[in-house]
Amino acid sequence: MTTPLDPAAVIAQFIDRVSPYNPAPDADPVAVLGVRTAFGEDVFTVSDHVIRAMCRALESYRDPEDRGDCANCGGLHLDENLHCRDCGQLHGILGQVIAEHARRVAADSGSPDDPR
């Protein structure tokens with residue numbers, strides 16, 4: 001079972017990791033972040049250095065489930081095998097290999113000297 005994340009604790013740890021590298025540690029805070037969750041609530045006053053680092057981290061985040069969009073229907077639900085859960089299309093090299101194999105099987109099954 002996955003341990004639940006405490007967002008306020010994660011933010012506090014991020015601030016602790018980034019703050020030592022602040023080139024202007026005595027500058028006034030530029031933002032106040034409030035976090036209210038089932039775990040409670042916290043308020044953080046953060047420097048320009050920390051808020052910029054946080055923004056860069058959020059901008060660069062990519063969801064592990066993001067495998068692109070379906071070329072067939074545009075859906076965003078490709079599974080780990082690049083199979084679209086919305087329309088059934090297969091993508092990438094796996095999809096190409098399976099589609100080519102299916103075409104060969106279909107072409108072979110239509111030949112008059114098919115031993116099947």
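So, here is what we can say about the structure in this document. Here the residue index of a chain counts from 1 through its sequence in written order. Totals for whole chains, interfaces and linings use every residue, but because this is a predicted model, local features are given only for residues with pLDDT of at least 70 and side-chain atom pairs only at 80 or more, for both listing and counting. Note that water and hydrogens are dropped before the side-chain values are worked out from all heavy atoms of the structure.

### Observations regarding the overall build of the protein
Alright, step 1. Of the regular secondary structure elements, the protein holds three helices and two strands.
Alright, step 2. Put simply, the protein runs from its N terminus to its C terminus through helices and strands in the order α-β-β-α-α.
Alright, step 3. In summary, the protein has a C-alpha radius of gyration of 25 Å against a globular reference of 13 Å for 116 residues, an excess of more than 25%.
Alright, step 4. Referenced to the eigenvectors of the C-alpha coordinate spread, the extents of the protein come out at roughly 85 × 30 × 20 Å.
Alright, step 5. We call a residue buried when its accessible area falls under 20% of the maximum for its residue type, exposed when it is over 50%, and partly exposed in between, using a 1.4 Å probe and counting protein chains only. Within the protein, the proportion of its 116 residues that are buried is 20%.
Alright, step 6. A contact between two residues is defined here by any heavy atoms of the two lying within 4.5 Å. Within the protein, contacts between residues separated by at least 24 positions form 29% of all contacts whose residues are at least 6 apart in sequence.
Alright, step 7. Computed by Shrake-Rupley with a 1.4 Å probe, the accessible areas treat only the displayed protein chains as cover when residues are assessed. As displayed, the protein offers around 9000 Å² of accessible surface, 55% of which is attributable to carbon and sulfur atoms.
Alright, step 8. The charged-residue count follows a simple rule in which Lys and Arg add positive charge and Asp and Glu add negative charge, with His and chain termini not counted at all. Lysine's charge is taken at NZ, arginine's at CZ, aspartate's at CG and glutamate's at CD. Counting 10 positive and 19 negative side-chain charges, the protein places the averaged centre of each group 4 Å from the other. Here a helix means four or more residues in a row that DSSP labels H or I, a strand means two or more in a row labelled E, and each is numbered from the N terminus. Only the C-alpha atoms count toward the radius of gyration. The rule for a globule is 2.2 Å times the residue count to the power 0.38.

### Things to note about the packing of helix H1 (residues 7–18) against helix H2 (residues 48–60)
Alright, step 1. Every axis corresponds to a line fitted to the C-alpha atoms, with the helix fit spanning only the stretch in contact, and the corresponding angles, defined between N-to-C directions, vary from 0 to 180 degrees. Between H1 and H2, the least distance of the axes is 10 Å, while the angle of their chain directions is 115 degrees. Between H1 and H2 lies a crossing of right-handed hand. Residue-level contacts link Ile 11, Phe 14, Ile 15 and Val 18 of H1 to His 49, Val 50, Ala 53, Met 54 and Ala 57 of H2.
Alright, step 2. Nonpolar residues are Ala, Val, Leu, Ile, Met, Phe, Trp, Tyr, Cys and Pro. Charged residues are Asp, Glu, Lys and Arg, and all others, Gly as well, are polar. Residues of the contact of H1 with H2, tallied by class, amount to eight nonpolar, one polar and no charged. Left-handed describes a crossing whose near helix is turned anticlockwise from the far helix by less than a right angle; the clockwise case is right-handed.

### Focus: the layout of surface pockets
Alright, step 1. As defined here, a cavity is a set of points on a 1 Å grid over the protein atoms alone where a 1.4 Å probe fits but cannot get out. A pocket is an open set with protein on both sides within 12 Å along at least five of seven lines, and residues line them when an atom is within 4 Å of a point. Grid points are joined across faces, edges and corners, and a volume is the space filled by probe spheres set on the points. For the largest pocket, the calculated volume is near 150 Å³.
Alright, step 2. If you trace the largest pocket, you find it lined by Val 10, Ile 11, Phe 14, Arg 17, Met 54, Ala 57 and Leu 58.
Alright, step 3. At the level of secondary structure, the elements contributing two or more residues to the lining of the largest pocket comprise H1 and H2.
Alright, step 4. Looking at the lining of the largest pocket element by element, the count peaks at four residues for H1.

### A few points about the nonpolar core
Alright, step 1. We call a set of buried residues a nonpolar core when its members are Ala, Val, Leu, Ile, Met, Phe, Trp, Tyr or Cys and they connect through side-chain atoms within 4.5 Å of each other. Within the largest apolar cluster, 13 residues are counted, with the highest numbers of intra-cluster contacts made by Ile 11, Ile 15, Phe 44 and Val 46.
Alright, step 2. Contributions of two or more residues to this core are made by H1, strand E1 (31–37), strand E2 (40–46) and H2.
Alright, step 3. In contact with Val 46, not counting residues within four places along its chain, are Ile 15, Pro 29, Val 30, Ala 31, Leu 33 and Ile 51.

### Things to note about the pairing of E1
Side-chain positions along a regular strand alternate between the two faces of the sheet.
Alright, step 1. Relative to E2, E1 is paired through seven bridges, and the arrangement is antiparallel. Looking at E2, one finds that Val 32 is bridged to Thr 45.
Alright, step 2. Note: two strands are recorded as paired if DSSP finds a minimum of 2 bridges between them. In this structure, the hairpin formed by E1 and E2 is closed by a connection of two residues.

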